[in-house]
Amino acid sequence: MELSTIGELTKTSNNKILEAKVYRKWVAKTLPQMTPYSFCCILLDREGNAIQANMNLKDINYFNPKLQIGTAYRISNFICEPTSNYQQTLENKISLRFGKYTSFDTIPAATFPDHYFEFISYSQLESKLPKADENNKMHYPTLTGNFLLYLAINLNTITSLIFLFCRLHWIYKAMYEETPPLAIRKAPFEDASQEKLRNRYKFKGYITDSSATAPLTFFTPAADKITGHHCFNLVEKYQPTDPTKVPPEVLATEGKTCVFQFH
């Protein structure tokens, strides 16, 4: 068998050995039924590349204790297969298939990266949304946004908010449909008709740490914690007629050092 990297694998690769670290693992579920159908994990190699490995759901009790997050393995007797575009988590066109004959030998993990990111430009976001074709069949591109963040990021980072900017408004109305898309657990109003008119934060800013600077959009309720003020309190206080004029309580957030935790 030949030692290979993730970047060298193709759908016809066989008798290969891969040294990689388990980055994430989860039970894949169908949408919207949320029926479990597969056990999956994401692996990282020393070059910083990532690949998804899939296992039969019935074998979860066998693989789950074998594959520990943060642990590196020398893996052999696996199958390379084309990546399915259903709930695709990576741009990698190749995925792995693990079975009972796949071997996992523990190796030191110090030389493997701790995190993995795939970024796209704002103009490409629409291409990542699920869409129905002419036969009403849904097509799911690579997961982004909350789905990808949930799978790929779990860290604390201490950053400073450089400045805020508001191209449109710092507040907006919830404007729910008759049936809200998400259940409301806590809210200042119990009446659904009042909840539709509730004011909420929406403003943008830049955060920075020792490595880079990045834009970030703040929404209620996270923005309430950052500013230290509830949006509806500021609206009641200032009765703003121009929502582009940012209250001083929100502007005071500039230069504030915070710990941001991503899930």
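Every value quoted in this text rests on a predicted model; they were computed, and no experiment measured them.

**So, the pairing of strand β7 (residues 94-97)**
- In terms of strand pairing, strand β4 (residues 50-56) meets β7 through two bridges, oriented parallel. Following the sheet pairing, N54 is matched in β7 by R97.

**Some points on the side chain of E81**
- You can see E81 is positioned in strand β6 (residues 79-82).
- A distance of 3.3 Å separates the side chain of E81 from the side chain of R97, its partner in a polar contact.
- Beyond its immediate sequence surroundings of up to four residues, E81 is in contact with N54, K93, I94, S95, L96 and R97.

**Observations regarding the pattern of salt bridges**
- Under the counting rule described, the total for this entry stands at eight salt bridges.
- Salt-bridge contacts for E19 lead to R46; the nearest nitrogen and oxygen are separated by 2.6 Å. Of this pair, E19 sits in strand β2 (residues 16-29) while R46 sits in the loop between β3 (36-44) and β4; the two residues are 27 residues apart in sequence, bridging distant segments of the chain.
- Given a relative accessible area of 13%, E19 falls into the buried group.
- On the basis of relative accessible area, R46 is assigned to the partly exposed category, the value being 44%.
- Residues joined in a network through salt bridges with shared partners are E19, R46 and R74.

**Some details on the environment of N233**
- Position of N233 relative to the elements: it lies in helix α5 (residues 231-238).
- Along the primary structure N233 and N199 are separated by 34 residues, whereas in three dimensions their C-alpha atoms are 9.5 Å apart.

**Digging into the confidence of the model for the protein**
- On average, residues of the protein carry a pLDDT of 78, and 73% of them reach 70 or more.
- Taken element by element, the predicted model of the protein shows its lowest mean pLDDT in helix α2 (residues 145-152) (33) and its highest in strand β5 (residues 72-76) (98).
- Low pLDDT, under 50, characterises residues 144-158; the predicted model gives this stretch 41 contacts beyond four residues in sequence or across chains.
- A low-confidence stretch, residues 160-168 stays under pLDDT 50, and its non-local contacts, those more than four residues away or across chains, total 35 contacts.

**Examining α5**
- Restricting attention to buried positions, one finds in α5 the residues C231, L234 and V235. Each buried residue of α5 lies within a common arc of 100 degrees when the element is viewed along its axis, so the set occupies one face. In α5, the exposed residues that point more than 90 degrees away from the buried face are E236 and K237.

**Quick look at the nonpolar core**
- L18, L43, L67, F78, L96 and F98 are the most contacted members of the largest nonpolar core, which has 21 residues in total.
- Listing elements by their share of this core, those giving two or more residues are β2, β3, β4, β5 and β7.
- Apart from residues lying up to four places away in sequence, L18 is in contact with S4, T5, I6, L9, L43, Y73, R74, I75, F78 and L96.
- Within the second largest apolar cluster, 13 residues are counted, among which are Y201, I226, C231 and V235.

**Overview of the packing of aromatic side chains**
- Taken as a whole, this structure holds six aromatic pairs when the rule is applied.
- Centre to centre, the rings of F63 and F104 are 6.3 Å apart; their planes meet at 85 degrees, and the pair counts as edge-to-face. Placement of the pair is F63 in helix α1 (residues 60-66) and F104 in strand β8 (residues 103-107), with a sequence separation of 41 residues.
- Residue classification places F104 among the buried positions, given a relative accessible area of 14%.
- With a centroid separation of 5.2 Å and 80 degrees between ring planes, the pair formed by F98 and F104 is classed as edge-to-face.

Calculation rules
Residues numbered from 1 in each chain as written. Predicted model: local features only at pLDDT ≥ 70, side-chain atom pairs only at ≥ 80, totals over all residues. Heavy atoms only, no water. Pairing = 2+ DSSP bridges. Helix = DSSP H or I, 4+ residues; strand = E, 2+ residues; numbered from the N terminus. Polar contact = N/O pair within 3.5 Å; in protein donor to acceptor, adjacent residues only side chain to side chain. Contact = heavy atoms within 4.5 Å. Salt bridge = Lys/Arg side-chain N within 4 Å of Asp/Glu carboxyl O. Buried < 20%, exposed > 50% of the residue type's maximum accessible area, 1.4 Å probe, protein only. pLDDT = per-residue confidence, 0-100. Arc of directions from axis to C-beta. Core = buried A, V, L, I, M, F, W, Y, C linked by side-chain atoms within 4.5 Å. Phe/Tyr/Trp six-rings, centres within 6.5 Å; stacked < 30°, edge-to-face > 60°.

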